[in-house]
Amino acid sequence: GPTATTTTAVAAWKSKITKTFVNAMSPQMREALARSQCWKTYGANKSLAQVIATAKEMQTIGTLIGQTNRPLLFACLLFRLLQLQPTHAEVSEGLVKQENSKYARVLGLVMIRLLGNATSVKLHVAAIGQEDFRKIRIVDEGGEQSLTTVDAIADTLLEEQVFMGITLPLLLLH
């Protein structure tokens, strides 16, 4: 029944968090984050509620820029979320279902893509990819800004193995 599926998904989510935390971000990215001012201001020692509130204020998404690998807010918040180990429900309710904040929603989609099982990823990422076409500002490694859309990001999360320098786990979609 649905309860068994949910229980299995929760167990899978919890076991993936630690592995994902280590594997998703390169040592170089984790190191750059840990020593950055962005991390000290918006990541270190922040509660889940504080991270979600900050996510709602984001204006761009990106990870590291420039030769100094300066982390952007998106990367700091993602790193903190992986540390906090929120439940699937907390990510879904706190970020993905935030229709008024497209950047918080994308952060939630990335978390679900990193930690969710195939069913969960299909349910959330694919569904939002079919309904949310708002523009999102992305900052690439060179610091250049460009526009994409939430649905295009959802497609990338479903189809690719790397998103903005973050390694995504293998996804077996039937």
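Residues numbered from 1 in each chain as written. Predicted model: local features only at pLDDT ≥ 70, side-chain atom pairs only at ≥ 80, totals over all residues. Heavy atoms only, no water.

Caption draft 1: Expanded view of the pattern of salt bridges. Tallied over the entire structure, the rule returns 5 salt bridges. For E31, the salt bridge is made with R35, and the minimal N-O distance between the two is 3.2 Å. On the accessibility criterion, R35 (49% relative accessible area) is partly exposed. For the salt bridge of R105 with E131, the shortest nitrogen-to-oxygen distance reads 3.9 Å. One end of the pair, R105, is in helix α7 (residues 102-115); the other, E131, is in the loop between α8 (118-129) and β3 (135-139), and 26 residues separate them in sequence. Each of the salt bridges in this network shares a partner with another, and the network as a whole consists of R105, E131, D132 and R134. (Salt bridge = Lys/Arg side-chain N within 4 Å of Asp/Glu carboxyl O. Buried < 20%, exposed > 50% of the residue type's maximum accessible area, 1.4 Å probe, protein only. Helix = DSSP H or I, 4+ residues; strand = E, 2+ residues; numbered from the N terminus.)

Caption draft 2: Quick look at the packing of α7 against α8. As a packed pair, α7 and α8 sit with axes 9 Å apart at the nearest point and diverge in direction by 150°. Judged by the angle between their axes, α7 and α8 are roughly antiparallel. For α7 against α8, the interelement crossing comes out left-handed. Contacts between α7 and α8 involve R105, L109, I112 and R113 from the first element and S120, V121, H124, V125 and I128 from the second. Among the residues making up the contact of α7 with α8, the classes are represented as 5 nonpolar, 2 polar and 2 charged. (Axes fitted to C-alpha atoms, helices over the stretch in contact; angles between N-to-C directions. Parallel < 35°, antiparallel > 145°, perpendicular 65-115°, else oblique. Left-handed = near helix turned anticlockwise from the far one by under 90°. Contact = heavy atoms within 4.5 Å. Nonpolar A, V, L, I, M, F, W, Y, C, P; charged D, E, K, R; others polar.)

Caption draft 3: The side chain of D132, seen in detail. Of note, D132 is situated in the loop between α8 and β3. Side-chain polar atoms of D132 contact the side chain of R134, separated by 2.7 Å. (Polar contact = N/O pair within 3.5 Å; in protein donor to acceptor, adjacent residues only side chain to side chain.)

Caption draft 4: Geometry of the environment of Y103. Locating Y103 in the fold gives a position in helix α7. In this structure the C-alpha to C-alpha distance between Y103 and I61, which are 42 residues apart in sequence, comes to 7.2 Å. Not counting residues up to four positions away in its chain, the partners in contact with Y103 are A55, M58, Q59, T60, I61, K135, I136 and R137. A distance of 2.9 Å separates a polar side-chain atom of Y103 from the backbone nitrogen of R137.

Caption draft 5: Molecular detail of α8. Here α8 contains 12 residues, and its C-alpha end-to-end distance of 15 Å stays within 8% of the 16 Å for a straight helix at 1.5 Å per residue. If you follow the buried residues of α8, they end up packed against α6 (88-96), α7 and α9 (150-159). (Expected span 1.5 Å × (residues − 1).)

Caption draft 6: Fine view of the pairing of β3. Relative to strand β4 (residues 145-149), β3 is paired through 5 bridges, and the arrangement is antiparallel. If you follow K135 over to β4, its bridge partner there is T149. Taking the residues that link successive antiparallel strands as the turn, the β3-β4 hairpin has 5 residues, and the phi of G143 there is positive, at about 90°. (Pairing = 2+ DSSP bridges.)

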